[in-house]
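One-letter residues, chain by chain:
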2 protein chains.
Amino acid sequence: MGKSIPIHIDRRTNVPLYSQIAQALTEYIQSGRLAPGEKLPAIRSLARALQVNTVTVVKAYQELERAGLAVSRAGSGTYVAPRDQASAFLSATEPELDLLDRGQVEIPPGAINFASATPDPDLLPVATVQRLINRVIERDGGQVFAYEESRGYLPLREKVAEVLAAIGIHTEPTSIQVLSGGQQGIDVVAKSLLKPGDVVLVEAPTYPGALAAFRSRGARIVSVPLGEDGPDLLALKEILKRSKPCFFYLMPAFQNPTGAVYSRQKKEELLNLAAHFGLTLLEDDYLSELSFADVDLTPLAALAPPEVPVLYLKSFSKVFLPGFRLAFLAVPPLLRREILAAKHTSDIFTSGLFQRVFDLFLREGIWEEQLARIRSLYAERYHTMVQALQKELPAQVTFIPPRGGLNFWLRLPGNLDAALLYREALRAGVVISPGALFLPTPGPSSYFRLTYASLGPEEIRRGAALLGNACRRVLGERCPGEYTPLV
Amino acid sequence: MGKSIPIHIDRRTNVPLYSQIAQALTEYIQSGRLAPGEKLPAIRSLARALQVNTVTVVKAYQELERAGLAVSRAGSGTYVAPRDQASAFLSATEPELDLLDRGQVEIPPGAINFASATPDPDLLPVATVQRLINRVIERDGGQVFAYEESRGYLPLREKVAEVLAAIGIHTEPTSIQVLSGGQQGIDVVAKSLLKPGDVVLVEAPTYPGALAAFRSRGARIVSVPLGEDGPDLLALKEILKRSKPCFFYLMPAFQNPTGAVYSRQKKEELLNLAAHFGLTLLEDDYLSELSFADVDLTPLAALAPPEVPVLYLKSFSKVFLPGFRLAFLAVPPLLRREILAAKHTSDIFTSGLFQRVFDLFLREGIWEEQLARIRSLYAERYHTMVQALQKELPAQVTFIPPRGGLNFWLRLPGNLDAALLYREALRAGVVISPGALFLPTPGPSSYFRLTYASLGPEEIRRGAALLGNACRRVLGERCPGEYTPLV
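As the structure is a computational prediction, the values presented were derived from the model and not from experiment.

About the cut-offs
Residues numbered from 1 in each chain as written. Chains lettered and ligands numbered in written order. Predicted model: local features only at pLDDT ≥ 70, side-chain atom pairs only at ≥ 80, totals over all residues. Helix = DSSP H or I, 4+ residues; strand = E, 2+ residues; numbered from the N terminus. Contact = placed C-beta atoms within 7 Å. Buried ≥ 20, exposed ≤ 12 C-beta atoms within 10 Å, placed from the backbone. Pairing = 2+ DSSP bridges. pLDDT = per-residue confidence, 0-100. Domains from an automatic or database assignment. Axes fitted to C-alpha atoms, helices over the stretch in contact; angles between N-to-C directions. Left-handed = near helix turned anticlockwise from the far one by under 90°.

Chemist: In this structure, what is going on with the environment of V310 of chain B? I would like to understand it.
Modeler: Along the chain, V310 of chain B falls in strand 10 (residues 310-314). In this structure V310 of chain B touches L281, E283, L300, A301 and A304 of chain B, once residues within four positions along its chain are discounted.

Chemist: What is the right way to look at the pairing of strand 10 (residues 310-314) of chain A in this model?
Modeler: Moving residue by residue along a regular strand, the side chains alternate between the two faces of the sheet. All names here are of chain A. Where burial is concerned, most of strand 10 is hidden: five out of the five residues are buried. Every second residue of strand 10 is oriented toward a common face, with V310, Y312 and K314 on one face and L311 and L313 on the other, all of them buried. Here strand 9 (residues 281-285) runs beside strand 10; their pairing, made up of five bridges, is parallel. Counterpart to L281 in the pairing with strand 10 is V310. Across three bridges, the pairing between strand 10 and strand 11 (residues 327-330) is antiparallel. Across the sheet, the residue bridging to Y312 is A330, located in strand 11.

Chemist: I tried to follow the confidence of the model for chain A on my own but got confused; where do I start?
Modeler: Do not read the predicted coordinates in detail wherever pLDDT is low. Residues and elements named next belong to chain A. When pLDDT is averaged along chain A, the result is 88, and 91% of the positions lie at 70 or above. Within the model, pLDDT remains below 50 along residues 478-487, and this stretch shows nine contacts once partners closer than five positions in the same chain are excluded. Model confidence for the complex: the whole-complex pTM is 0.80, and ipTM, which rates the interface, is 0.80.

Chemist: Whenever I open this one, the domain arrangement of chain A confuses me. Can you help?
Modeler: Accessible area lost on assembly of the parts is the figure often given for the size of an interface. Annotation of chain A at the domain level lists domain 1 (17-80), domain 2 (95-122 + 369-482) and domain 3 (124-364). The gap between the C-alpha centroids of domain 1 of chain A and domain 3 of chain A is 42 Å.

Chemist: How should I be thinking about the packing of helix 2 (residues 43-50) of chain A against helix 3 (residues 54-66) of chain A in this particular structure?
Modeler: Working note: a packed helix pair is described by the angle between its axes plus the distance between those axes. All names here are of chain A. As a packed pair, helix 2 and helix 3 sit with axes 8 Å apart at the nearest point and diverge in direction by 115°. For the pair helix 2 and helix 3, the crossing hand works out as right-handed. On the side of helix 2, the interface is formed by I43, R44, L46 and A47, while helix 3 contributes T54, T56, V57 and V58.

Chemist: Help me out: how do you make sense of the sheet that holds strand 13 (residues 407-411) of chain A in this one?
Modeler: Whenever strands of a sheet pair, they do so through backbone hydrogen bonds, lying parallel or antiparallel. All names here are of chain A. Taken in spatial order, the four strands line up as 12-13-16-15 in an open sheet, and their pairing is antiparallel. The open sheet is flanked by strand 12 (398-399) and strand 15 (433-434), the only strands paired with a single partner. One ladder, built from two bridges, connects strand 12 with strand 13; its direction is antiparallel. Residue pairing for strand 13: F399 is matched across the bridge by L410. Each of strand 15 and strand 16 (447-451) is contacted by helix 15 (residues 418-427), which is oriented at about 45° to strand 16, the strand it contacts most.

Chemist: So what exactly am I meant to see when it comes to the sheet that holds strand 10 of chain B here?
Modeler: Residues and elements named next belong to chain B. Strand order in the open sheet formed by eight strands is 4-11-10-9-8-5-6-7, with mixed pairing between adjacent strands. Edge positions in the open sheet fall to strand 4 (176-179) and strand 7 (230-231), since each of these has one partner strand only. Here strand 5 (residues 199-204) runs beside strand 8 (residues 247-250); their pairing, made up of three bridges, is parallel. When the sheet's bridge partners are listed, V202 is paired in strand 8 with Y249. Taken strand by strand, helix 7 (residues 182-193) contacts strand 4, strand 8, strand 9 (281-285), strand 10 and strand 11 (327-330), and its axis lies near 35° from that of strand 11.

Following this line, the structure appears as structure tokens:
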């Protein structure tokens, strides 16, 4: 190990030496100073350096292994556990990557963050929410802070069933399960339906939070390549012929990360296949409200024949009120009981305050008002984004402007790994999400995702210019001013 | 099948007939009209009665089996799935029982509910909370409804670390994980540490929500008998000699359901055993504030030697503000990363509003005020409970008054199944929790739990009188007035 990783040992405390060493190494691993796959110091040399017994170092390394942070390879030594470690449970998720996706990685101060889906807090309808919170508390008193039904606050479930009926999804309040946000929806479905070794289908690329939830159940994740207008149905058919997946997780409207929208034809063909093979669908509608074009977003749940079970997961509040932690699942009757049990096991119930406030949001048309406001606000940013990217990025970096949503999905030419661009951009003060984040199986990707949720028009323009320069550096261009696209 | 279960079929819709039949039967099973273990109609006779093809009924029954609601037995027919069905994943939890535990089963109107841990909404400090909510919103603006760190709001974590230090648990803010309630704490630990087939130790009896979370991971649950002053350590030692449990889930302060408090000596011996066998502990401190006697409640986490990893789970708000959905986990450094990842996979983050309000609760001493108020209020109910039970119940029904908490654990004489009393009491308008709810392995129990969280003194007295009569009926006594205890 070339680099210096000083370990301070305190012999006066009653914390055992091996535990002190393990803790110090844990910090190095978690902070990234010791990288995945990196070799740890040889046991003898570390023992010598720290003036401890070799057994002490062995015990420290065993602790790290037990925590899934290190792996030992016979005859070779001990290594920091790789990110994609096969230990499907202990290292099921990839927290650093997930956190990056949520904008919670350490970002240099002043950086322009195209990786964060966190909406600008100033855009949230704070005064309106405050008013409704006070109204609900005055109306319902202590009930607001007491236990709530595990399935959800009944008036809200009734209203949500009505709202869904308006987009063609006919269900009833008993079939609506309230959840503490979209991620919990995915997790609860995984808990209800997946057991170790089960096959679950995902689009490739897809949302990393879903991958983490499926891995946490020990499921076998099989991916279906995603085209511009939906999944590759020939590939899907081949998979269905040789395996019996538990369900297919998909985002037909402004897919994350690609922004793709399934065409009506694809949806119909997909549903025919699902009917034929008895496939259950988990449809994640996380942002279909944010449409900037005339596009058919009819959900699969509205088109599905009765023999195709569709679990329709709707987050209304993703970019509008993320702190509300609210989502809704329309559940086929046969699965209601299991979904309710999984919700109960997860957190018993969802905050009654937010359910009651959101109920008023829907009932009093405030939701529609907010939506109109947010849509026009994001439309400006969206158009700024399209123009800035077209102006600033080298022509070799290609993308199709999405027709809605918050994500742009871009591709570097050739097989250039977007992780290179990620690092180059970070040095220039711009954060992007490298495509590898969204791959069901780890590997390099020449794609990257840009999200404009947290950025104003001026930041978008400045960020695009900086990113354009970073792209040129990665592409080997020296002089941005003189850049000529290679056709 | 003797009873009448009319199934209405609509031949005009496009819902397939088998699906209509399956849905109708699902309703009957979920409502309890078809009981666990009950035989479903023979395929031919049902097909004849409904004038459908036998294949249609076969398909309907297959749907029920797929949903874990029915099982077919070769040569015998199809039965409603038993509650304790071995299918560890699909039917992992027992929702009806869990829901009963949460007071969400259908209770006859006007019934006195000794099964509900829901505090009386009128006792919650609504005005104070409303004031703090407004203060926080005015102070922090949109940030309150935006994304929050997955680990939790930093000032709150700092304050919680301080509060824990005052009870002898020395940790740091990075080691505090904020959770959306105690159940999520258990679920997140299960997700981080348990994989299928792993052994997890529990007290017997124990909290059913924990059993559900452990079953959902496919863990092997092994129980350690619980005495008045803590777990049976000889039994524990034998278990540790022959297996390597992932962790031991325990509630040393006013255990649920028994109300037991571990003695200091038991705690120390337990920690010695844990150190010797390398056992990790999950200590659930869900209600130690509610003490009505001078009793040593020093947590295991404060006594543990550094080599015993203790995950200390603290819900502050269980009976005070359940709607806040807040709990805290003090995590040993080596497990931090996995716990954070599991939290992130579960619901990304916990509501920032409630975290910020609870932070002010702690910082401004409001918490201590509320606690004093709640303690004196519940003390009155507690003493009413002790007196009423001693007065009204036959002497053969025995219990040791707990020294705190909200639960009384009572025993019927002989091997009388408390499920009999549950039904008899329900007829009399009183709801109790039969002991079978709390058993790690299904079976009858002569114990039952009474919780007085939701009842005022008058209701407690009336409920105890009704329950006393129900006990006498179950014990075979005819004439309550003339009841003489059999010694």
